[in-house]
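Residues per chain are reported as follows:
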Amino acid sequence: MAAPPVLVFDNAGNFLKAWGGAGSGYEWPEREHGIHVDNKGMVWITGNNCPTNGIAGLKKVADDQILKFTPDGKFVMQIGKSNQSKGNADTQNVHRPADLQVFPKTNELFVADGYGNRRVVVFDADSGKFKRMWGAFGNKPIDEDNCEIIAPKTFDAGQGPDRFNVAHGIRVSKDGMVYLADRENRRVQSFTADGKFVKQLRKTDTPFARNVAFSADPEQQFLYVGDGKTIAILDRKALELVGSIALPGMIGGGHEIATDSKGNIYVAGTGAGIQKLTFKRMGSTQ
């Protein structure tokens, strides 16, 4: 018996409640992917289903919508419509979005729109109104819609492609910087909140840039990035590698990653469940 789509646990891993699925007034995604709880407690959900992925039991539609619910699962708002994307220029629909976060200072929703489109897109978090969008290096997004993920077989020594290849993880820091995990291109790019490109870290020797999360200190000094079997630690502002996390029994960098106010790291691995890595201290790697 399948569990409901949204499961809620306390930070000790005890099950509390569950909700989600098809209902009146909204289109539940066929294949859930991203989840974010914002500063007001609202729960945002994305899906990444593709009509031609061949997964049994799923409708042959693209998840081109974002859903917003209360913490108890009451429907609040839908942005976009299922199977209605017109591509990267579309301001009404997303296209198989991967991740999202609300930036409290401006009340804007930043979306890594991600599996079908190749862009960051921003909406008003209350009305769902489109605000702006951009692609790799802050340029106009370039259309290239593939159901199958096409990972590069080789990597050159330059800056990398002029388009995102699965814009997979997104976080907005307290000081308004946007960090995007460009997964298949194995790079993290940073932007101002209005989409101006600042810098990137490209690391092609490992499966780098699976996801991104901030350290819990007030300055959010570090950026945690899923990196294959480890979690890379970056100096957030410099986008420089300063360390890594690799513990016995760890499921690796995971598919999604998050941190709590105490600095603990939560890793979700595809087919591997969820792990909590308890924060102990900051230490030198020397």
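An account of the accompanying structure is given in this report. Here the structure is a predicted model, which is why all the values come from computation and not from measurement. (Residues numbered from 1 in each chain as written. Predicted model: local features only at pLDDT ≥ 70, side-chain atom pairs only at ≥ 80, totals over all residues. Heavy atoms only, no water.)

**Some remarks on a nonpolar patch on the surface**
1) Next: Among the surface-exposed residues, L7, F9 and F15 lie close enough to one another that they form a single nonpolar patch of about 290 Å² accessible area.
2) Next: Following the sequence through the fold, F9 ends up in strand β1 (residues 6–9). (Patch = residues over 30% accessible without salt bridge, like charges linked within 9 Å, V, L, I, M, F, W, Y side chains within 5 Å. Areas by Shrake-Rupley, 256 points an atom, 1.4 Å probe, with all protein chains shown as cover. Salt bridge = Lys/Arg side-chain N within 4 Å of Asp/Glu carboxyl O. Helix = DSSP H or I, 4+ residues; strand = E, 2+ residues; numbered from the N terminus.)

**Examining unusual backbone geometry**
1) Next: A positive phi angle is found at N107, which is not glycine, with a value near 55°.
2) Next: Tracing the backbone shows N107 in the loop between β7 (99–103) and β8 (108–113).
3) Next: Overall, the relative accessible area of 17% leaves N107 in the buried class.
4) Next: Of note in the backbone geometry, L239 takes a positive phi value of approximately 50° without being a glycine.
5) Next: L239 sits in the buried class, given a relative accessible area of 3%. (Buried < 20%, exposed > 50% of the residue type's maximum accessible area, 1.4 Å probe, protein only.)

**Concerning the nonpolar core**
Here is a general trend for soluble globular proteins: nonpolar side chains tend to be buried in one another's company.
1) Next: Ranked by internal contacts, the top residues of the largest apolar core, which has 16 residues, are F110, W134, F164, I170, V178 and L180.
2) Next: Of all the secondary structure elements, the ones that give two or more residues to this core are β8, β9 (119–124), β11 (167–172) and β12 (177–182).
3) Next: In terms of residues, this core owes the most to one element, β11, which gives 3 residues.
4) Next: Beyond its immediate sequence surroundings of up to four residues, F110 is in contact with D99, L100, Q101, F103, V121, V122, R132, W134, I170, V172, V178 and A193.
5) Next: Listed in part, the 14 residues of the second largest apolar core include Y179, F208, L223 and A232. (Core = buried A, V, L, I, M, F, W, Y, C linked by side-chain atoms within 4.5 Å. Contact = heavy atoms within 4.5 Å.)

**Comments concerning the packing of aromatic side chains**
1) Next: Taken as a whole, this structure holds 14 aromatic pairs when the rule is applied.
2) Next: Look at F9 and F15: their rings are 6.0 Å apart centre to centre, the planes differ by 75°, and that puts the pair in the edge-to-face class.
3) Next: The exposure class of F9 is partly exposed, given its relative accessible area of 39%.
4) Next: With 5.8 Å between their ring centres and 85° between their planes, Y179 and F214 make a pair best called edge-to-face. With Y179 in strand β12 and F214 in strand β15 (residues 208–214), this residue pair connects regions lying 35 residues apart in the sequence. Across the pair, exposure class does not vary: Y179 and F214 are buried alike.
5) Next: A network of ring pairs unites the aromatic residues W19, Y26, W28, F69 and F75 as a single cluster. (Phe/Tyr/Trp six-rings, centres within 6.5 Å; stacked < 30°, edge-to-face > 60°.)

**Digging into the sheet that holds β12**
1) Next: Across the sheet, which stays open at both edges, the 4 strands sit in the order β11-β12-β13-β14 with antiparallel pairing between neighbours. Only two strands of the sheet have a single neighbouring strand rather than two, namely β11 and β14 (197–202). Pairs of neighbouring strands in the sheet enclose a mean axial angle of 20°, with direction left out of account.
2) Next: Relative to strand β13 (residues 187–192), β12 is paired through 6 bridges, and the arrangement is antiparallel. In the strand pairing of β13, L180 is matched with Q189. (Pairing = 2+ DSSP bridges. Axes fitted to C-alpha atoms, helices over the stretch in contact; angles between N-to-C directions.)

**Quick notes on the state of the cysteines**
1) Next: Counted according to the given criterion, the structure contains 1 disulfide.
2) Next: In this model, C50 is linked to C147 through a disulfide, with the two sulfur atoms separated by 2.2 Å. Of this pair, C50 sits in the loop between β4 (43–47) and β5 (66–69) while C147 sits in the loop between β10 (130–134) and β11, placing them 97 residues apart in sequence.
3) Next: Using a relative accessible area of 24% as the deciding quantity, one classes C147 as partly exposed. (Disulfide = S-S within 2.5 Å.)

**A look at the pattern of salt bridges**
1) Next: Following the criterion strictly, the structure yields 15 salt bridges and no others.
2) Next: Taking the shortest distance from any N to any O, the salt bridge between K17 and D72 comes out at 2.6 Å. Pair noted here: K17 is in strand β2 (residues 15–19) and D72 is in the loop between β5 and β6 (75–79), with a separation of 55 residues, a long-range link.
3) Next: Between R171 and D99 there is a salt bridge, with its nearest N and O atoms 2.9 Å apart. Of this pair, R171 sits in strand β11 while D99 sits in strand β7, placing them 72 residues apart in sequence. As far as the burial class goes, R171 and D99 line up, both buried.
4) Next: Here the residues in one salt-bridge network are K40, K68 and D126, joined through shared partners.

**What about the pairing of β12?**
1) Next: The buried fraction of β12 is high, at 6 of 6 residues.
2) Next: Going residue by residue along β12, you find M177, Y179 and A181 tucked away on one face and V178, L180 and D182 tucked away on the opposite face as well.
3) Next: Of the pairings in the sheet, the one linking β11 to β12 comprises 5 bridges and is antiparallel in character. Counted as the bridge partner of R171 is Y179 from β12.
4) Next: Hairpin connection of β11 to β12: 4 residues between the antiparallel strands, including G176 at a positive phi of 85°.
5) Next: What sits between the antiparallel neighbours β12 and β13 is a turn of 4 residues, in which R186 has the positive phi angle 55°.

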